Number of protein chains: 4
Amino acid sequence: MTEIGIGIVGGGYMGKAHAVAMASVGAVFGTALRPRLEMIAASSAESAERYRAAFGFDRAAADWCALVDDPRVEAVIIASPQDTHRAIAEAALALGKPVFCEKPLADTIADARAMVAAAEASGVVTMTGFNYIRTPASQFVRQLLAEGAIGDITWFRSEHTEDFLADPDAPFNWRCRGQANGNMGDLAPHPINAALALMGPVARVCAEVETVHRDRPGGTVDNDDHAQIMCRFASGVMGHIYSSRVATGRKMGYAYEIMGTKGAIRFDQEDQNAVWLYLADGPEATRGFRKILTGPAHPDYLPFCQGPGHGTGYQDQIIIEAKDFLTAIHSGQPVWSTFRDGLDVAEVIEAVHASAARGGWVNVSEMQERTE
Amino acid sequence: MTEIGIGIVGGGYMGKAHAVAMASVGAVFGTALRPRLEMIAASSAESAERYRAAFGFDRAAADWCALVDDPRVEAVIIASPQDTHRAIAEAALALGKPVFCEKPLADTIADARAMVAAAEASGVVTMTGFNYIRTPASQFVRQLLAEGAIGDITWFRSEHTEDFLADPDAPFNWRCRGQANGNMGDLAPHPINAALALMGPVARVCAEVETVHRDRPGGTVDNDDHAQIMCRFASGVMGHIYSSRVATGRKMGYAYEIMGTKGAIRFDQEDQNAVWLYLADGPEATRGFRKILTGPAHPDYLPFCQGPGHGTGYQDQIIIEAKDFLTAIHSGQPVWSTFRDGLDVAEVIEAVHASAARGGWVNVSEMQERTE
Amino acid sequence: MTEIGIGIVGGGYMGKAHAVAMASVGAVFGTALRPRLEMIAASSAESAERYRAAFGFDRAAADWCALVDDPRVEAVIIASPQDTHRAIAEAALALGKPVFCEKPLADTIADARAMVAAAEASGVVTMTGFNYIRTPASQFVRQLLAEGAIGDITWFRSEHTEDFLADPDAPFNWRCRGQANGNMGDLAPHPINAALALMGPVARVCAEVETVHRDRPGGTVDNDDHAQIMCRFASGVMGHIYSSRVATGRKMGYAYEIMGTKGAIRFDQEDQNAVWLYLADGPEATRGFRKILTGPAHPDYLPFCQGPGHGTGYQDQIIIEAKDFLTAIHSGQPVWSTFRDGLDVAEVIEAVHASAARGGWVNVSEMQERTE
Amino acid sequence: MTEIGIGIVGGGYMGKAHAVAMASVGAVFGTALRPRLEMIAASSAESAERYRAAFGFDRAAADWCALVDDPRVEAVIIASPQDTHRAIAEAALALGKPVFCEKPLADTIADARAMVAAAEASGVVTMTGFNYIRTPASQFVRQLLAEGAIGDITWFRSEHTEDFLADPDAPFNWRCRGQANGNMGDLAPHPINAALALMGPVARVCAEVETVHRDRPGGTVDNDDHAQIMCRFASGVMGHIYSSRVATGRKMGYAYEIMGTKGAIRFDQEDQNAVWLYLADGPEATRGFRKILTGPAHPDYLPFCQGPGHGTGYQDQIIIEAKDFLTAIHSGQPVWSTFRDGLDVAEVIEAVHASAARGGWVNVSEMQERTE
């Protein structure tokens, strides 16, 4: 066992989640590398100190530069606003420090491309934070697909729906400003990432992006509330992706369904410990979607509990990410999802915006060609 | 109570359903008009006689002309192949006989328009058979929407998914030939009708229509297996419609979700006696989708059973249609859904095909303008 | 095809259900015997005439004697209050007319025994009306058990829960008076019948029977609101049965779970078209309760609809009963459940009352011995 | 913030869970007392060292005495076999060290009583580990009951069902020997604790305790597989409790339903982030069980995640226990559930065994009187 000094930039929602994950991951997974909560940075020295005390870090940094430069910080987790991602990542990579960056990878696609370039130039381990795909359930779904359990895929649908801005009278806040904070920056990356992870590359999209509630108490919203995407995968399969922050009643509506020639899979994160699997075999009379509860037979479950059906939760996904990040650092082998995987998502998003503006089909490769 | 002589053209799947419905509806609803199972016609005298005996009709007709012309047949139900609908309907309307026609209204949109013209010229009661929207559950949903229970609508999604051709090795059959027998003719009318019934007119569509399994044992499929439609309602709301006959694991996947500013509704015909309603009121801690079981408090339920939750089934939808048809005849007032409503669905379908061919958005009004 | 004249005593809840069933069953099942709605009797000539007109009977009878004696009435359905069952059944059986009697078989166990004796002496077909066990779903469960699909049974639990008297302020009505109208007479026969049908004879019981709300506006309740029964089947299996009319939120809570060495089954009538089946085979990772939607592969479904998942409802159960009754009459072979099967339920109920009074285990055979 | 040295006896299933919890709880809850993973003891020095390294403790102890006596160990968590609980607890309490003891409190009721006596004599904080009742969902249910949200309770049912010994061919293991390792010692404490926590004291029980599979490959089972309990609460409410380790298909079947005069609650740990609440208010047409997803509005959820519906899992329950234990130590105030609460469960279990042996109702107070 070797210690590794962890520095986290940002102490809000995701910063805390990563702090807890780094405090737990050693005991949970018995990792070879053991994180030491070395330093946390935030938007001010005061808030950094508050986070330090709350989460149990050794030291607080007044700004992210001090954290990145600190020699005892050996790996950096970026959980600060999107427009800061690129600078922090480039600084850390330049020092040869592994970087975990929350999604979306960057504020703009140009920044995302620059980050990938920096990562590939540095040869250092990077990771983009797509947590939902890392549940034992969704990892198991990836296994099922890889094994061909449901045959050739004929249809894919994913969504990520929440309702935190469904009330038109909810006041204007920071989420209502800037494309990266809108639905397309905040929520859409998840079901798009699910699409890529489960189905492979998206070839083209035809999309609508809409602000449902333009005027809110306190300001005018300048980013989107929801978006729908018809897509065609490189494999030839037809699909649909929907994301929304105004989906009344939905709290964690990260969900997908995948139809194949031999079976089908349905999943909804609101019941994250269950995978619904239909197999078109055996007598017709006994066919049906079975509700499989995750357990030790599924990926990354056993370290949390020996009992099937006992369940993992949101925080456990972040612990799994932490394990994957440490494993990548220790082995020097990249672990899915790298910065490049984060860029793949960003390119689909770019194509979606282009399609919505233009009103028709857009090839994702157009987005790639623009800069390469 | 007055008797009315019913003639049914066709004794297959839907012909039988209407025969049973006409045998039951008087006792169930205590209708003012009491149907007499007068005559049934089929593709041959032999099969007509077989249906007559099985379903309990007084007489069998060797062809539909004999049935329509018979003076004791006072109302006609058309449950024969789509390409026969127009001729039968026109003949019956010309004699001033009310006509109930199964969906889709006709084989081609030109025929559908001709039928509407004939209906409107005759002044006789007509009806198009959209049964699923007539469950107590879906009628209740229409009530909720009319009352504004979930506020202003912000998103709509419907689907109709089955899997009877999901197996690529399923042999070629009559459903694999002719546009009207494909998914767009067979299944899509239901979720499109749901969209119109629940949300009002569709302004424009952007769609994909696809044959997933082109070659089957015994023949080459010339119609579609599934289709997806992005749509924009005249009300401004964004929506999505999907239909498929290759949706492995789905047996009666007529389903929809409707999000509004004050609530949301979810429904799935596979559990047809439940409406899921979310209301964004009361304390946050007690909000959730409630599973409402249909009962005497919901439309057209009580005649079937005094007990809530005891449930209605597929055949009961047809009995409700029969009641509505008889009521319309008796009162002389049209009852939703008339031939005109059937044509509305056909026009959306026409626009979907145009969009899929062209690859972009198509205004439904274009379809209307073409002929008017 | 032969006609048979049907007479129904009672035009309330169940009388109507049987009238509709007899109007429909020929067309649905293509039965060899075709019912003619000959005559209906009720508590007064006026109400009988009202029912006659509403349900479409040829004639109304001023009292049940006239109905039973009428030569054109060839089979009798008893849907009148429990305390009238015995006299009607004995009169009909004495004339050699087949009798269908609603559950519970009689008001007292002595009457039930007399009815069985009369039935067995007459050699005429009899039937007791247990409708819920006749859904395609529950018939399929019986098949699964017969085939040993879930191995040796280790645990059984059933319930029938509704909430029509859950509100303590609901006024006193006829259901609040007389043991046969209480929960033990009204609801408990269903889950007890389920236990017998699915598991075989009950050897002994230990039970509690309770009136939860004794005083209601308008009167003092003298029968029970709910009861629980620990039971031991003759097969040695342990079980539990619960029934309640004060089960807030439950509308049609006829439900059971059966655990076996190789699998398990769960069913809830509130979603009556689904059977949940778990099979302990295949890899651990893909095991789960599968939700099987009823369809043509299941008993008595196809006559209602060719499409799986399209669903049957409450009224369809009564149509299945009608088909079974007609089949038994036509063949002369008894069909489960006869009067004897109704008595089996009554004896368990008797034992439950004895156990509740005595406060410990009671052998059901004690109840049998008392009179035989 | 103050550090506190934690010693854990046992490094198996629950020992690991507590180690992870103590590593995480500070960052999650920002507790005033911050645990230091000081020492772990196991059945041998080798295994203790292995656990130390895996979970990140400072030191390993060759036996529990060394751990309890160590001055840097300031609080003790007992996660070793039941027959060791008493000795460890007494030793720690004698030194004035707070003790958290896994359920069941002890191997015998005499030991459990001795432990309570020692705890009360010492005045030191104690806790018995009932984790399932500590989910945000079940804590919320306790709130709802306390507020009278569902009125006066009329019926209670709980269960804890798993299937790890459902296969009769599963080999004999340590769980098959000794009453404390059987279903009544291992699983039953959970639904009994749920009953006490949600409903208050149990007055009397009538129960069956059964070994379903007596002979297993490798040995003869001497403890029970499942048990059912009819119970009467001190409040007068009737209830039923079932627990089983042979409940095929059930993985974490900790479930309960509570009926009241104004509403009802249903919960199943297999979907641990949902509470089903029915309220008998508003129009009949909109009543139904609502599925409430836990979120920041519910107890002990927010520290894990700001987003509702994102979910907590098994390990999070143990973190909540850790927080409660630390809070109790810091404040000096006992926190439910103390050793006394653990004894309450043990007394019900004792009464269940007595009832099963005797075959009738047993007052729980009889068990209490025996020794006091």
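Residues numbered from 1 in each chain as written. Chains lettered and ligands numbered in written order. Predicted model: local features only at pLDDT ≥ 70, side-chain atom pairs only at ≥ 80, totals over all residues. Heavy atoms only, no water.

1. What to know about the overall build of chain A
Check the secondary structure of chain A and you find 11 helices and 17 strands. The C-alpha atoms of chain A give 21 Å as radius of gyration, which agrees with the globular expectation for 372 residues (21 Å, within 12%). Overall, the C-alpha framework of chain A stretches about 60 × 50 × 45 Å when taken along its three principal axes. Pairs at least 24 residues apart make up 67% of the contacts formed inside chain A by residues separated by at least 6 positions. Only carbon and sulfur atoms are counted for the fraction: they give 50% of the accessible area of chain A, which is about 11500 Å². Charged side chains in chain A number 32 positive and 46 negative. The centres of these two groups are separated by 3 Å. (Helix = DSSP H or I, 4+ residues; strand = E, 2+ residues; numbered from the N terminus. Rg over C-alpha atoms; globule rule 2.2 N^0.38 Å. Contact = heavy atoms within 4.5 Å. Areas by Shrake-Rupley, 256 points an atom, 1.4 Å probe, with all protein chains shown as cover. Lys, Arg positive; Asp, Glu negative; His and termini not counted. Charge placed at Lys NZ, Arg CZ, Asp CG, Glu CD.)

2. A few points about the confidence of the model for chain A
Here chain A averages 96 in pLDDT, and 99% of its residues register 70 or above. This complex was scored by the predictor with a pTM of 0.97 and an ipTM of 0.96. (pLDDT = per-residue confidence, 0-100.)

3. Concerning the pairing of strand β8 (residues 202–210) of chain D
As judged from the eight bridges shared by β8(D) and strand β11 (residues 226–233) of chain D, these two strands associate in the antiparallel manner. Note that in β11(D) the partner of D:Val202 across the bridge is D:Phe233. (Pairing = 2+ DSSP bridges.)

4. Quick notes on helix α9 (residues 314–331) of chain C
All names here are of chain C. Along its 18 residues, α9 runs 26 Å from first to last C-alpha, staying within 8% of the 26 Å computed at 1.5 Å per residue. With 15 of 18 residues buried, α9 is to be regarded as a mostly interior element. Downstream of α9 by a residue or two, Gly 332 has a phi angle that is positive, lying close to 75°. (Expected span 1.5 Å × (residues − 1). Buried < 20%, exposed > 50% of the residue type's maximum accessible area, 1.4 Å probe, protein only.)

5. Examining the nonpolar core
The tendency in soluble globular proteins is for nonpolar side chains to be buried side by side. Core analysis: the biggest nonpolar cluster contains 174 residues, and A:Leu198, A:Val205, D:Leu198 and D:Val205 have the highest contact counts within it. Beyond its immediate chain neighbours, meaning those up to four positions away, D:Leu198 contacts D:Ile133, D:Val141, D:Arg142, D:Leu145, D:Phe156, D:Tyr256 and D:Ile258. (Core = buried A, V, L, I, M, F, W, Y, C linked by side-chain atoms within 4.5 Å.)

6. A word on the pattern of salt bridges
Throughout the structure, instances matching the rule amount to 120 salt bridges over all chains. A salt bridge links C:Lys251 to D:Glu284, with the shortest nitrogen-to-oxygen separation between them at 3.7 Å. In this pair, C:Lys251 is assigned in the loop between β12 (238–244) and β13 (253–260) and D:Glu284 in the loop between β15 (274–279) and β16 (289–293), connecting two distinct chains. Given a relative accessible area of 43%, D:Glu284 falls into the partly exposed group. Measuring nitrogen to oxygen at the nearest pair gives 3.8 Å for the salt bridge that ties D:Glu74 to D:Arg36. Here D:Glu74, found in the loop between α3 (64–69) and β4 (75–78), pairs with D:Arg36, found in strand β2 (residues 33–41); they are 38 residues apart in sequence, far enough to count as distant. Overall, D:Glu74 belongs to the partly exposed group, its relative accessible area being 34%. One salt-bridge network, in which partners are shared between bridges, spans A:Glu3, A:Arg36, A:Glu38, A:Arg59, A:Asp70, A:Arg72 and A:Glu74. (Salt bridge = Lys/Arg side-chain N within 4 Å of Asp/Glu carboxyl O.)

7. With respect to the relation of the copies chain C and chain A
Its rotation angle being 180°, the transformation that places chain C on chain A also includes 0.0 Å of axial translation and leaves an RMSD of 0.0 Å. In symmetry terms, the pair is related by a two-fold rotation axis. Minimal C-alpha separation from the rotation axis in chain C is found for C:Arg290, amounting to 1.7 Å. (Least-squares fit on C-alpha atoms with pLDDT ≥ 70 in both.)

8. Structural notes on the relation of the copies chain B and chain A
The transform that puts chain B on chain A rotates by 180° and translates by 0.0 Å along the axis, for an RMSD of 0.0 Å. Most of the interface of chain B is mirrored in chain A, where 100% of its interface residues are also at the interface.

9. Section: the side chain of B:His298
Position of B:His298 relative to the elements: it lies in the loop between β16 (289–293) and α9 (314–331). Take B:His298: its relative accessible area is 5%, and that puts it in the buried class. Within polar-contact distance, the side chain of B:His298 engages the backbone oxygen of D:Ala285 at 2.8 Å. Not counting the four nearest positions on each side in its chain, B:His298 is found in contact with B:Pro136, B:Phe140, B:Ile292, B:Leu293 and D:Ala285. (Polar contact = N/O pair within 3.5 Å; in protein donor to acceptor, adjacent residues only side chain to side chain.)

10. What about the packing of aromatic side chains?
Scanning the entire structure with this criterion turns up 46 aromatic pairs over all chains. On the basis of an interplanar angle of 85° and a centroid distance of 6.3 Å, the ring pair of B:Tyr254 and B:Tyr256 is categorised as edge-to-face. Take B:Tyr254 and B:Tyr256: they sit in the same class, and that class is buried. Pairwise contacts between aromatic rings join A:Tyr13, A:Tyr132, A:Tyr254, A:Tyr256, A:Phe267 and A:Tyr314 into one cluster. Sitting over the ring of C:Tyr51, C:Arg50 keeps its end group 5.4 Å from the ring centre. Over the ring of D:Trp361 we find D:Arg204, and its NZ or CZ is 5.1 Å from the ring centre. (Phe/Tyr/Trp six-rings, centres within 6.5 Å; stacked < 30°, edge-to-face > 60°. Lys NZ or Arg CZ within 6 Å of the ring centre and 35° of its normal.)

11. A look at the domain arrangement of chain A
Residues and elements named next belong to chain A. On domain assignment, one finds that chain A holds domain 1 (2–131) and domain 2 (133–305 + 347–351). For domain 1 and domain 2, the distance between their C-alpha centroids amounts to 27 Å. In this assembly, 11 residues from domain 1 lie in contact with 15 residues from domain 2. Where domain 1 abuts domain 2, roughly 1200 Å² becomes buried across the two surfaces, and 57% of that area is made up of carbon and sulfur atoms. Remark: the boundary between domain 1 and domain 2 carries two salt bridges. Between Arg 113 and Glu 347 there is a salt bridge, with the nearest N and O atoms lying 3.7 Å from each other. Here domain 1 is connected to domain 2 by five residue pairs in polar contact (both at pLDDT 80 or more). (Domains from an automatic or database assignment. Buried area = accessible area lost by both parts, 1.4 Å probe.)

12. Some thoughts on unusual backbone geometry
All names here are of chain C. In this model, Trp 336 is joined to Ser 337 through a cis peptide bond whose omega is 5°. Structurally, Ser 337 is set in the loop between α9 and α10 (339–358). Of note in the backbone geometry, Asp 300 takes a positive phi value of approximately 60° without being a glycine. On the secondary structure map, Asp 300 appears in the loop between β16 (289–293) and α9. For Asp 300, a relative accessible area of 16% puts it in the buried group.

13. Section: the packing of helix α1 (residues 13–29) of chain B against α9(B)
If you want to describe how two helices pack, look at the angle between their axes and the distance between the axes. Residues and elements named next belong to chain B. Where α1 contacts α9, the two axes come as close as 7 Å, and the packing angle between them is 70°. Classified by the angle their axes make, α1 and α9 are roughly perpendicular. The crossing of α1 and α9 is right-handed. Residues Tyr 13, Met 14, Ala 17, His 18, Val 20, Ala 21, Met 22, Ser 24, Val 25, Val 28 and Phe 29 of α1 form the contact with α9, whose own contacting residues are Tyr 314, Gln 315, Ile 318, Ile 319, Ile 320, Glu 321, Ala 322, Lys 323, Phe 325 and Leu 326. Looking at side-chain class alone, the contact of α1 with α9 contains 16 nonpolar, three polar and two charged residues. (Axes fitted to C-alpha atoms, helices over the stretch in contact; angles between N-to-C directions. Parallel < 35°, antiparallel > 145°, perpendicular 65-115°, else oblique. Left-handed = near helix turned anticlockwise from the far one by under 90°. Nonpolar A, V, L, I, M, F, W, Y, C, P; charged D, E, K, R; others polar.)

14. Examining the interface of chain B and chain A
The partner chain A presents 45 residues to the 45 residues of chain B that form the contact. In total, chain B and chain A occlude about 3300 Å² of area from one another, counting both sides; carbon and sulfur atoms represent 59% of this. Applying the counting rule to chain B against chain A returns six salt bridges. A:Arg232 serves as the salt-bridge partner of B:Glu210, at 2.5 Å between the closest nitrogen and oxygen. Contributing elements (two or more residues each) for the side of chain B that touches chain A: β7 (153–161), β8 (202–210), β11 (226–233), β12 (238–244), β13 (253–260) and β14 (263–268) of chain B. When residues in the side of chain B that touches chain A are grouped by element, the largest group, six residues, is from β11(B).

15. Quick look at the pairing of β12(B)
Residues and elements named next belong to chain B. When you tally the buried positions in β12, you get seven out of seven residues, the bulk of the element. Neither face of β12 is open: one carries Met 238, His 240, Tyr 242 and Ser 244, the other Gly 239, Ile 241 and Ser 243, and all of them are buried. Pairing between β7 and β12: seven bridges, direction parallel. Each bridged residue has a counterpart across the sheet, and for Phe 156 the counterpart in β12 is Gly 239. When β11 meets β12, the two strands line up antiparallel, connected through seven bridges. Considered in β12, the bridge of Gln 228 is made with Tyr 242. Taken together, β11 and the strand that follows it, β12, pair antiparallel across an intervening segment of four residues, in which Gly 236 is found at a positive phi of about 100°.

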